[in-house]
Amino acid sequence: GAGVSQSPSNKVTEKGKDVELRCDPISGHTALYWYRQRLGQGLEFLIYFQGNSAPDKSGLPSDRFSAERTGESVSTLTIQRTQQEDSAVYLCASSAIRVNNEQFFGPGTRLTVL
Amino acid sequence: AQSVSQHNHHVILSEAASLELGCNYSYGGTVNLFWYVQYPGQHLQLLLKYFSGDPLVKGIKGFEAEFIKSKFSFNLRKPSVQWSDTAEYFCAVNAGPSGGSYIPTFGRGTSLIVHP
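Procedures and definitions
- Residues numbered from 1 in each chain as written.
- Chains lettered and ligands numbered in written order.
- Predicted model: local features only at pLDDT ≥ 70, side-chain atom pairs only at ≥ 80, totals over all residues.
- Heavy atoms only, no water.
- Helix = DSSP H or I, 4+ residues; strand = E, 2+ residues; numbered from the N terminus.
- Rg over C-alpha atoms; globule rule 2.2 N^0.38 Å.
- Buried < 20%, exposed > 50% of the residue type's maximum accessible area, 1.4 Å probe, protein only.
- Contact = heavy atoms within 4.5 Å.
- Areas by Shrake-Rupley, 256 points an atom, 1.4 Å probe, with all protein chains shown as cover.
- Lys, Arg positive; Asp, Glu negative; His and termini not counted.
- Charge placed at Lys NZ, Arg CZ, Asp CG, Glu CD.
- pLDDT = per-residue confidence, 0-100.

Participant: What should I look at first to understand the overall build of chain A in this one?
Facilitator: Counting its secondary structure elements, chain A contains 0 helices and 10 strands. For chain A, the succession of helices and strands along the chain, N to C, is β-β-β-β-β-β-β-β-β-β. Relative to the globule expectation of 13 Å for 114 residues, the C-alpha radius of gyration of chain A, 13 Å, shows essentially globular dimensions. For chain A, the spread of C-alpha atoms along the three principal axes comes to 40 × 25 × 25 Å. Here chain A, with 114 residues, has 49% of them falling under the buried criterion. Contacts in chain A between residues far apart in sequence, at least 24 positions, make up 55% of those at least 6 positions apart. Total accessible area on chain A is roughly 5500 Å²; 45% of this is exposed by carbon and sulfur atoms. With 12 positive and 12 negative side-chain charges, chain A shows a spacing of 3 Å between the two charge centroids.

Participant: Whenever I open this one, the confidence of the model for chain A confuses me. Can you help?
Facilitator: Reading predicted coordinates in detail is not appropriate for stretches of low pLDDT. Scored by pLDDT, chain A comes out at a mean of 92, with 96% of its residues at no less than 70. Taking the mean pLDDT of every element in chain A, the minimum, 92, falls on strand β5 (residues 43-50) of chain A and the maximum, 98, on strand β7 (residues 75-79) of chain A.

Take a look at the structure:
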C-alpha cells in the first residue's frame, strides 16, 4: 500500500510570506505527527493528532505555526509570516496507534525562506 | 518528561569495522524504544524496535540493539559495517501503554560514514 506522502517536496519562499505544507498519512492510521528537522539537528516535535481528540500543540514554536487535520486523513501545516529561521525539513509521520506506535515517515518538505 | 541522548554525533568507520552507537534515555516507567535510519536522499525508516520480551532485538540489515533497563540504554550494534550503512541514525523513546503518551522523543541523531 501507499506510504505517507508530503507535498510539496521543496518550497522556496520569501520572508514574510505564508506557506502551507500537506501530509497524506497511511490510510487507517489514526495518529499523525509533524516534526521539524533543522540542518544537522534531530527531530523537533511540533504537533500530534489522534483521531478526533484535541491535537497536542505543545511543540509549536510560535503562534505563526498552525496545523489542521480533517478526521483521520490529510493534514496541513501552515506557517504564517515566514522567517529565515523557519528554514528546515518538515516531516510528517503517521502511526496505527494501537500497534505500539511505530511511526511511518513521509519524505519531508524542504522549506527555504529567503 | 522523557529525554534521549545520543553521545556520538559523528562516527567514521572503515568497512568491516564493528559499530556501536550509544543511546540513553531518561524515563522511569515502561518504555517503547526505537532506532530509525535515514539513508542519504531517503526518508526516515524504522530499523528496529523494542516493546517487551527479549531485550536483544534484531532488526534489518544485520543490526541489533540491546535494552539494558538498569542503564536506561538501548545501544545499536552491527558486527561488520558496509559502505551502504552510511546514514543518519536516530534513537527514539516513548512511554509504554501505561505511560499515557504516544509522542516519541528523538535523540539528536548520529551521522555514520563508512569508508569503502
